[in-house]
Amino acid sequence: MRIIKLSPTDDEMHTREDVLAFFQQKLRDPERDGKFGLSPAKGRMAGIRAGTLLLFTYQTECMFLARAATGIIHDDDPEYPAYFQVDPSSIERVGSSLQHFEDALKKAKLRDKNLVKSRAWPQLPPRAEAFALDYFSAWRHRRVLFVRLGWMWRYHGSLPGDERPIGGGGYNKDEIGHELYNFYPVQSKLYGYFQPHMAADRTALERIESHATAKDFLTNVTVVFVAKRPGGTQVIIGWYHHATLYRELGPTVPSRPQSHSVYRCVAKVRDAVLLPDKERQFQIPRHKGGFGQTNVCYPLDTGGNQKVQTWITEALSYVAGYQGENLLTNPTADANDDMAADFEAALRGGTGQGFRVNAEDRKALEEYGMEQAEAYFRKKGYAVEDVSRTESFDFLCRKGTSELRIEVKATTTDGNTILLPPNEANLAARNDGKSVLFVLHSIRLENGRASGGRQRVLWPWRFSWDNAKPTGYVYQLPPENRTTPRFVRPYV
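Conventions adopted
Here the residue numbering is sequential within each chain, running from 1 through the sequence in written order. Local features are withheld for residues below a pLDDT of 70 in this predicted model, meaning they are given only at 70 or higher, and side-chain atom pairs are given and counted only at 80 or more; totals for whole chains, interfaces and linings count all residues. No hydrogens and no water enter the side-chain calculation; it runs on all heavy atoms of the structure. Strands here are runs of E lasting at least two residues and helices are runs of H or I lasting at least four, both read from the DSSP assignment and numbered beginning at the N terminus. The buried label goes to any residue with under 20% of its type's maximum accessible area, the exposed label to any with over 50%, and the partly exposed label to all in between, with areas taken from a 1.4 Å probe on protein chains only. We call two residues in contact when some of their heavy atoms are within 4.5 Å. Here the Shrake-Rupley method, with its probe set to 1.4 Å, supplies the accessible areas, and only the displayed protein chains count as covering residues. Here a patch means residues that are over 30% exposed by relative accessible area and free of salt bridges, tied together within 9 Å if like-charged and within 5 Å if nonpolar (Val, Leu, Ile, Met, Phe, Trp, Tyr). Here, a salt bridge means any Lys or Arg side-chain nitrogen found within 4 Å of an Asp or Glu carboxyl oxygen. When charges are counted, neither His nor the chain ends are considered; positive counts come from Lys and Arg and negative counts from Asp and Glu. The atom standing in for a charge is NZ when the residue is Lys, CZ when it is Arg, CG when it is Asp and CD when it is Glu. Two strands qualify as a pair provided DSSP detects at least 2 bridges between them. We define a nonpolar core as any set of buried Ala, Val, Leu, Ile, Met, Phe, Trp, Tyr and Cys residues linked to one another through side-chain atoms lying within 4.5 Å. Here is the rule: rings of Phe, Tyr and Trp (six-membered ring for Trp) pair when centre to centre is within 6.5 Å. Planes less than 30 degrees apart are stacked, more than 60 are edge-to-face, and the remainder are tilted. By definition, being over a ring means that NZ of Lys or CZ of Arg is both within 6 Å of the ring centre and within 35 degrees of the ring normal.

**Focus on the overall build of the protein**
Step number 1: When helices and strands are counted, the protein shows nine helices and 19 strands.
Step number 2: Taking all 492 residues of the protein together, 46% fall into the buried category.
Step number 3: Sequence-distant contacts, at least 24 apart, represent 66% of the contacts inside the protein between residues at least 6 apart.
Step number 4: Summing over all exposed atoms, the protein offers an accessible surface of approximately 25500 Å²; the carbon and sulfur share of this is 49%.

Right, dumping it as C-alpha cells:
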C-alpha cells in the first residue's frame, strides 16, 4: 500500500475542490484513462505495481482510495517523465484525517513512524493494507445517527457527583433528562434515549436509510452520542454499534423507574462504548456545516442525498478505529486521572493553595508539559515520537543508536512528589538506563491555560522502590445479588 500526498503546488490541485474534480472527473475521462503524472523524483520510486492499494491525501485529509492499474511507466514528457495509471472503477471517496489514520495504525501496532510529517510517500506493509481497507470501509456501509445528550460522566442513573445531565436541551433545565440511564445495563442490553427535533418528536428513519419511509424501526444502526463538556467543547462521549433504532418510542424498559422507562434505541452492552473522560477528545463542530441546533444529525439531507461534511467521515472513522478504554468493560478506567486530581489537590492544599484540577485543566497541564518536553529533547538533537496512547511512557526519543523512554509529568505543585500508576512505575524500575523523567513543576493555571513552570530532568532516571509509597487500591465491589437496580434519589 502506498500513501500519495497531494499538494496545493500541483498544477491541477490548488484547492480541495480541484482535488475532488480531478478524481471524480479528470481521472475517469476515457482520454486520460486514469493517467497520474509523476515528477522526476517520484518517477524513480519503487513499490507501485498493478493492483497496489493507493491512499490519496490532501493537506492531511484522506480523500480517495484506489488501485493502481499499472506500475510506473516512463515516457518523454519533460515535466512529468513518468506516470502510472489508476483504475478509474476503483476510485472511492473516503474520509478521515491522516493523523487519525496514523493513530489507529499505531494502536494496532502496525506503524511506528510518523505519516503526517513524512515528506515522502509512505509505503505500508500488507497487514497495514488489510487494516486500512477495514478502517475506511467500516463507516461506508453502516447506517449512522449522531445525537446530542446532556453531559454526564457515567449515564448510569443518578449518582453523587453525577446526579443529572448538564445541558443538552431545554428539557434538562427543569427536569432530569431520560438519557440518565443510557449506559445502564439491563440484562446485557442498553436502552438509549435522545430528544429529536421538538417540532417533530420522532426519528426520521428515511434520513438514515432512504428506503425506510414506511418502516417503524431500523436495525444495525451506529448511534454516536455527542455532548458539550460544561464550559468546554462538544465531543463524542460514546456510541452503540448494531443498534435497533425506533421511529417512535420503543416498548417500556424492564427494571427502570417509570419516569425514565422510555427509549429510542437499544443495543447489546458488548456492542457499545462509553468513553472515559480522558478519551473524550474528538470534537464535533457546531458552526454552519457542523452539528446544528437540533439534537440529532442525520447522514442524509432532506432530499435523501448523502452529506459530505468532512467531520462526519472523520468521526465515523474514529469510531470504527477506536481501541482505547471503555467504561462499560473497565469501570475504573478513569481512576488514575481521578487519583491524580485528588493527589495534586492534596499537595497544593498543604501549601494553603489547594484546588482540585478539573478535566479541562488536567488536559491543559498535560498538553503543556508534553509540548515543553518535546521541545527540550528536540533541542538536544533527538527525533521525538509521541507514543503516549500506546505505551506506558510518553515519548520515544532516538538519536543514532541511542534510544530513550521519556515519562512526562506536569504539575502546579513544587514537583517534589509525583503520582505514578503501577504500569509506569514497573517500567521505570527496569533501570536499564533508557528511562528519563521530565517534570515541569510550578505551572500557573489561569482560565484553563497553562504557562510558566520549571523543569527538572532525571537523566537517566534511577527508579527506586524505596522512594515510592503506595497510595491505595482501586477496589470494585462484587455484583449485588438482585435482579432490579437500586436507584439513588437525585439531589435537589
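**Quick look at a negative patch on the surface**
Step number 1: A cluster of acidic residues, Asp11, Asp76, Asp77 and Glu79, forms a negative patch on the protein surface.
Step number 2: Within the element layout of this structure, glutamate 79 appears in the loop between strand E5 (73–74) and strand E6 (82–85).

**A few points about the pattern of salt bridges**
Step number 1: Following the criterion strictly, the structure yields 18 salt bridges and no others.
Step number 2: With a closest N to O distance of 3.6 Å, glutamate 61 and arginine 93 form a salt bridge. One end of the pair, glutamate 61, is in strand E4 (residues 61–67); the other, arginine 93, is in strand E7 (residues 92–93), and 32 residues separate them in sequence.
Step number 3: Owing to a relative accessible area of 10%, glutamate 61 belongs among the buried residues under this scheme.
Step number 4: Assessed through its relative accessible area of 29%, arginine 93 is described here as partly exposed.
Step number 5: Overlapping salt bridges, with partners in common, bring together Glu102, Lys106, Glu385, Arg398 and Glu403 in one network.

**Some thoughts on the sheet that holds strand E2 (residues 35–38)**
Step number 1: Strand order across the open sheet formed by three strands is E2-E6-E5, with antiparallel pairing between neighbours. Two strands lie at the open edges of the sheet, namely E2 and E5, each paired on one side alone.
Step number 2: Two strands pair when backbone bridges link them, and E2 and E6 are joined in this way by four bridges, in the antiparallel orientation. Paired with lysine 35 across the two strands is glutamine 85, which belongs to E6.

**Things to note about the nonpolar core**
Step number 1: Counting 41 residues, the largest nonpolar core has Phe183, Phe225, Ile237 and Tyr240 as the members making the most contacts within it.
Step number 2: When contributions to this core are tallied by element, the ones reaching two or more residues are strand E8 (143–149), strand E9 (189–192), strand E10 (217–228), strand E11 (234–246), strand E12 (265–268) and strand E13 (272–274).
Step number 3: The element that contributes the greatest number of residues to this core is E11, accounting for six residues.
Step number 4: When neighbours within four sequence positions are excluded, phenylalanine 225 is seen to be in contact with Val147, Leu149, Asn182, Phe183, Val235, Ile236, Ile237, Gly238, Trp239, Tyr240 and Cys265.
Step number 5: Residues Phe36, Phe56, Val86 and Ile91 belong to the second largest nonpolar core, which totals 24 residues.

**What to know about the packing of aromatic side chains**
Step number 1: Inspection of every chain in the model, using the stated rule, returns 25 aromatic pairs.
Step number 2: Between phenylalanine 22 and phenylalanine 23, the aromatic rings sit 5.3 Å apart at their centres with planes inclined by 75°, giving edge-to-face as the arrangement. Of the two residues, phenylalanine 22 and phenylalanine 23, neither departs from the other in class, the shared state being buried.
Step number 3: Centre to centre, the rings of phenylalanine 183 and tyrosine 240 are 5.7 Å apart; their planes meet at 75°, and the pair counts as edge-to-face. Residue phenylalanine 183 is located in the loop between helix H5 (171–174) and E9, and its partner tyrosine 240 is located in strand E11; the two are separated by 57 residues in the primary sequence. In this structure, phenylalanine 183 and tyrosine 240 share a single accessibility class: buried.
Step number 4: Ring-pair connections join several aromatic residues into one group, and the members of that group are Phe22, Phe23, Phe36, Phe56, Phe64 and Phe84.
Step number 5: Directly above the aromatic system of phenylalanine 64 lies the positively charged group of arginine 93, at a separation of 5.7 Å from the ring centroid.
Step number 6: A cation sits over an aromatic face here: arginine 148 above phenylalanine 291, 4.3 Å from the ring centre.

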